[in-house]
Amino acid sequence: MKQVFTISEKIVAGNLVQYNWQKTLGNYIAITGSDHMVKIFDRHGHKRNEINLPGVCVSMDWDKDGDALAVISDKSNAIYLWDANTHKTTQLDSGMRDQMSFLMWSKAGSLLAVGTTKGNLLVYSLQTSRKVPVLGKHTKRITCGCWSTQNLLALGSEDKTITVSNQEGDTIRQTTVRAEPSDIQFSMMKTDERAPAGESTVSAIVGKKTLFLFNLSDPDNPIELAFQQRYGSIISYRWYGDGYIMIGFSQGYFVVISTHIREIGQELFQAHNHKDNLTSIAISQSLNKAASCGDNCIKIHDLSELKEMYAIINLDDETKGLDRLSWTDDGQLLAVSTLRGTLHVFLTKLPVLGNTCGTRIAFLTSLLEVTVTNHVEEEPQITVSVEVEPNFIAVGPYHVAVGMNNRAWFYALGENRVEKLKDVEYLGTVTSMCLNSDYAAVLFEGRVQLHMIEMEGIEAQEERETRLFPGHDDKYRVMCHALTADFLVYGTDTGIIQYFYIEDWQYVNEYRHSVSVRKVFPDPSGTRMAFIDDKSDGFVYCPVIDTIYEIPNFPTTVRSILWEHFTMDKGVFIAYDDDKVYTYVFHKDTIQGSKVILAGATKLPFSHKPLLLYNGELTCQTQSGKINTILLSTHSFLAGLKDLGPNDLQPMLTQCLMLKRFNEAWDVCKLLSEPSAWTEFARACLHHMEVEFAIRVYRMIGNVGMVISLEQIKGIEDHSLLAGHLAMFTNDFNLAQDLYLASSCPIAALEMRRDLQHWDSALQLAKRLAPDQIAFISKEYAIQLEFTGDYVNALAHYEKGVTGDNKYLDHDDACLAGIARMSIRMGDIRRGVNQAIRHTSRVLKKDCGVILESMKQFSEAAQLYEKGQYYDKAASVYIRCKNWAKVGELLPHVTSPKIHLQYAKAKEADGRYKEAAMAYENAKDWDNMIRIQLDHLSNPEEAVRIIRETQSIDGAKMVARFFLHLGDYGSAIQFLVMSKCNDEAFQLAQQHNQMEVYADIIGSDANNEDYQSIALYFEGEKKHFLAGKFFMLCGQYTRALKHFLKCPVSEDGQAIEMAIEAVGQAKDDMLTSQLIDYLMGESDGMPKDAKYLFRLYMALKQYREAARTAIIIAREEQSAGNYRNAHDVLFSMYTELKAHKIKIPSEMVTNLMILHSYILVKDVYFLYLHIFSDIVPILTSTVIECHRAGLRNSAFSFAAMLMRPEYRNNIDPKYKKKIEAMVRRPDQSEVEEFTSPCPYCAFQLPECELLCSGCKNNLPYCIVTGRHMVKDDWTVCPHCDFPGLYSEFKVLLATEKACPMCSEKLCVEQMSLVEPTPYLLRDEAE
């Protein structure tokens, strides 16, 4: 709260200060102390007059209009009256002999009541000067009183009575109270019943302790309210609202009660406002505020929310304490007197005066202070001290003006100073004023005066200095006006809106509205203007195109309109009333044309007046002389999008799209990440004709079709054509048509209707725009009508569609085909059939045939089918006509089995079985064909052939029955099995001892029950092998093994092989153990061949045991001289282990290598293990071969070994002498063996050496030569993956066609050099 002025104790003598505000206006305050003087000050603290009294002032009061101040003194019988208009004081003789003690003016008239110390009363009328003395109203001093609005006077006296009198002084009610009354007030209690009009309740404080309520309508039942002792004594009370009373207590308590009969005695609100004491309370109905004072502070509450403190004013200098509070009637000023004798006046409510120019704001911040600010452009704040309390303010780019009545003061705004320019008097009371950089426009008494603000430095013509509107000839009154940088705009009572161009000093635009124009609001550029007419309707006017647009949902309570100054929101404006701000958007470019929409509403805080709208922020002026900003609810997205959920973001997207804030909408859509949001965004872009942005959005969505379509139209300059395309994209086809027709390319409307298949509209448009297209549209329309079943109109349009022009033969053919179809549909069959036959189209003949067939015109239908080469359909229709001759003619062309079948049945019925059989065959009805062959043609061979080809089950049954009749049981069983009649086949085999035939036939196609039946049969016949076989097939491995082991051991070992297979499938340890015991001979004492044990381990996938067994077998084979068999056993085991990624035993690898080396060298008969039992032949062969190879030293070494006594006598006589000669005459020369690099470390070592002395690796050997492998001559067998030297492999494959290791067929083309590294790494890992 701002302090306006202070009157010190030096000005008012004495500690006890009395004061009274002027009623209604509040322009003056009368104050007096103990110095026999009443001083009158204005509202700014300036002393205006004083009244000298003979004694101390006893009482003073202002009349209801504030025109007269009445004062009484303790040493005079005169009443002093001060006139506020003339500032003169007059004395009135009261005529009362006793001293006056009380004085009060009436609320409703010019009556003054004066009471005396002896209880007498005087009623004086200021208007008539009539004095009515009333003696003996009370017996003692009249101390207090109050007038009602009905001019009833209530008085309280020291005689403890309260009287109520009329304006003539007659007592109409009287009541006694228990103590001296004080602070009498009139009001109205809150009751349930309909109360009489006017103030009917008198209230008074009785003895400072209770509150007395005296209802004039119920005088016998007064109410006296007592309060808690801790509150202290009652200091003051005030009525407010609907029968509520606020009471202040001496101990600082602040209590609110209701006078409603149900609530009396209850405290609605209580607060300990002041710690030590409370001295006064006051209420301002206009402000809706309450104040209390005490403890050197004033506390102000809002009456609508008492719990919240509105303001606190601290007066720390007042050490003696505060005395009394009082508000002016308008609530602008609050005065408080102190016990020291000073008076403080505070500004609690300012006139809400403000004005804007662009983003600059000028507003009243004190009674004599105007502040100019521009927070948007961050200009420094300027304070202007003015001479008078203004009624209006205007601001321009360089000036500010204030004024009251018919006078205005102009100030120039500099960077650091304010200069007063001049003051101007106008010809009437100013209603409003507007400024621009050079001119001021002033509205007064129905006229506008436009004049220059400053003349200095401007060389202007005299006629451009000032001008009065309207002119002498114009018979209208100006109701409102506005001034932009270039134009003066005003509206009149006849509905005319005039634009006056200041630069050319002439009118440039005039618009005539239907009713009076009340207010005009041009936008910052002046190219658009909102106005409110006399019906309280709102419109937006565009002077450039001279068009108005009604503002939708425009409230009748709107006080003013503000345009948005933010360039991004051009077209946004707000309208506001006392409670709400309504946001509107003027959309200039939409596919529907220009229009105004309501974007939303925002609650306006109490006593806020909007001044400026910038970027969604509304700057408002408050009653306290400050400005406050509010973010409009329609711009809530500007507060930030972070941490918002979809429920909050979706309304924000709608706001952005309504305001055309597309960049912000993009951000919202990215956060939402919902296809529906992007689609809504895209449609809004189309609606506002923002093609580039729409392309961007549709590209984000991934809608390729729309992107391509928009790319094609984005360069179109014709506004209507572009809008038509966009309206079509949004499915508003009627609007699109209107826009196309208004564009430079009206034919687009026809193309759209054709594409949409809106044929009626297309034909109407074609008559106007493209008559040559009528035939083609008629054809398309006819096709649609035909589809919907409107054959009459379809025929008419087909006929219209025939052009007769050779350029359009295909089109005419389609129309003639339509005529043919529609003629048949309409019953003109002859015309339709002839037209179809003449037509070249096969499809037409088929279509007409279908129609005729549905109409049961079979003969014509078949004829058309035949002409159209639809032989199946023709034959089918001929069959329905029973025309078998025609069917027979068409049969070679017919492919439908159904028709052949119908024909076959007809021929069979006629007894022509061969033809019937052929027809059944063509129909692929094999069962009937087999039946004919067996029953009528006695040709079982053909029937059997058909069954074998077709696997017909029913046919097989028929053949089985046929052979059964002939006694050929084997064939009957075979065909019964083919027909899935296994039970019958089994019984037949059992009856005729053909079970082995049945078992062979059934093979692996039967189920477990069939296999079990066969097995049980053979078990009964003691045929152990067959019984075991079928027990194994049905999964009964234990019984199967029992029968297999009962079989005698044959050379081929078939039973043992089957036993191994059964155990392998069973995976049962007990059965495995049983079979191993059998193979080892533990059950019968006869060990079986080791190869069976090997196969068992293989079947059980016990590869390690199989490997050990394979080595044993290989040894046995070696002992027997079967080297190739031994080699094959080891090789197969090697590959098996390798396939299952099991480590291969080194013994196996070594044995395989040695065996393979021997096979390579020669067809040997003894192997390494046999050397120890028969070594002499081997050594003899070795000596001979070494001698032939030139290895003389090696030959001598082995010959010397043969000369040992244990071998010498066993040498073959043919070679003995030669060997003895070698020993006697030794030749120890040795051909050096060739060397080659190690594939691992490249160390040079002999070719046949398989252990590298450099890196100690076992080297892979060549399966062709036995030499170790080299890196640059590496190949592998594609079958067994064993390595070989590529050069040697090619030489080998020139004569041999098989791999020396796996014996699989090979050719040179299958071999190639390979990279050895993977093989070397694998061998190294192994």
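Bear in mind the structure is a predicted one, so any value in this text is a computation, not a measurement.

Enquirer: Sorry, what's going on with the environment of Met-568 here?
Expert: For Met-568, the position within the fold is in the loop between strand 53 (560-563) and strand 54 (572-576). Here the alpha-carbon distance between Met-568 and Arg-661, two residues 93 residues apart in the chain, equals 7.6 Å. Excluding anything up to four places from it in sequence, Met-568 contacts Arg-661 and Asn-663.

Enquirer: Before we go on, may I ask you to explain the sheet that holds strand 22 (residues 234-240) in this structure?
Expert: Picture the strands of a sheet paired through backbone hydrogen bonds; they go either parallel or antiparallel. Pairing within the open sheet is antiparallel, and its 4 strands lie in the order 22-23-24-25. Two strands bound the open sheet, and with one partner strand each, they are strand 22 and strand 25 (267-272). For this sheet, the mean inter-axis angle between neighbouring strands, taken without regard to orientation, is 15°.

Enquirer: I tried to follow the packing of aromatic side chains on my own but got confused; where do I start?
Expert: Where two aromatic rings form a pair, the distance of their centres and the angle of their planes describe that pair. Applying the stated criterion across every chain, the model contains 35 aromatic pairs. Ring plane angle 40° and centroid distance 5.7 Å describe the contact between Tyr-439 and Trp-505, whose orientation is recorded as tilted. Here Tyr-439 is found in strand 42 (residues 439-444), whereas its partner Trp-505 is found in the loop between strand 47 (496-501) and strand 48 (506-512), with 66 residues between them in sequence. The same class applies to Tyr-439 as to Trp-505, namely buried. Ring centres of Phe-469 and Tyr-490 lie 5.8 Å apart, and the angle between their planes is 45°; on these two criteria the pair is classed as tilted. Highlighted residues: Phe-469 in strand 44 (residues 466-469) and Tyr-490 in strand 46 (residues 487-492), separated in sequence by 21 residues. Each member of the pair, Phe-469 as well as Tyr-490, is classed as buried. By the ring-pair criterion, three or more aromatic residues cluster together here, those being Tyr-439, Phe-469, Tyr-476, Tyr-490, Phe-500, Trp-505 and Tyr-507. Stacked on the ring of Tyr-310, the Lys or Arg Lys-289 has its end atom at 4.3 Å from the ring centre.

Enquirer: Whenever I open this one, the sheet that holds strand 19 (residues 201-206) confuses me. Can you help?
Expert: One open sheet accounts for 4 strands, arranged 18-19-20-21; its pairing is antiparallel. Of all strands in the sheet, those with a lone pairing partner are strand 18 (181-187) and strand 21 (223-226), marking the two edges. Averaged over neighbouring strand pairs, the angle between their axes works out to 20° when direction is ignored. Alignment of strand 20 (residues 210-215) against strand 21, held across 4 bridges, turns out to be antiparallel. Bridge pairing in strand 21 places Thr-210 opposite Ala-226.

Enquirer: What am I meant to see in the nonpolar core here?
Expert: Note on soluble globular proteins: their nonpolar side chains tend to be buried together. If you look at the biggest cluster of nonpolar residues, it comprises 65 residues, and the most contacted ones within it are Leu-653, Phe-681, Val-697, Tyr-698, Leu-710 and Leu-726. The element contributing the most residues to this core is helix 3 (residues 675-687), with 7 residues. When sequence neighbours within four positions are dropped, the list of residues in contact with Phe-681 reads Leu-657, Phe-662, Ala-665, Trp-666, Cys-669, Phe-693 and Val-697. In terms of nonpolar packing, the next biggest core, distinct from the first, is built from 37 residues, Phe-1131, Cys-1280, Cys-1302 and Leu-1306 among them.

The rules behind the values
- Residues numbered from 1 in each chain as written.
- Predicted model: local features only at pLDDT ≥ 70, side-chain atom pairs only at ≥ 80, totals over all residues.
- Heavy atoms only, no water.
- Helix = DSSP H or I, 4+ residues; strand = E, 2+ residues; numbered from the N terminus.
- Contact = heavy atoms within 4.5 Å.
- Pairing = 2+ DSSP bridges.
- Axes fitted to C-alpha atoms, helices over the stretch in contact; angles between N-to-C directions.
- Phe/Tyr/Trp six-rings, centres within 6.5 Å; stacked < 30°, edge-to-face > 60°.
- Buried < 20%, exposed > 50% of the residue type's maximum accessible area, 1.4 Å probe, protein only.
- Lys NZ or Arg CZ within 6 Å of the ring centre and 35° of its normal.
- Core = buried A, V, L, I, M, F, W, Y, C linked by side-chain atoms within 4.5 Å.

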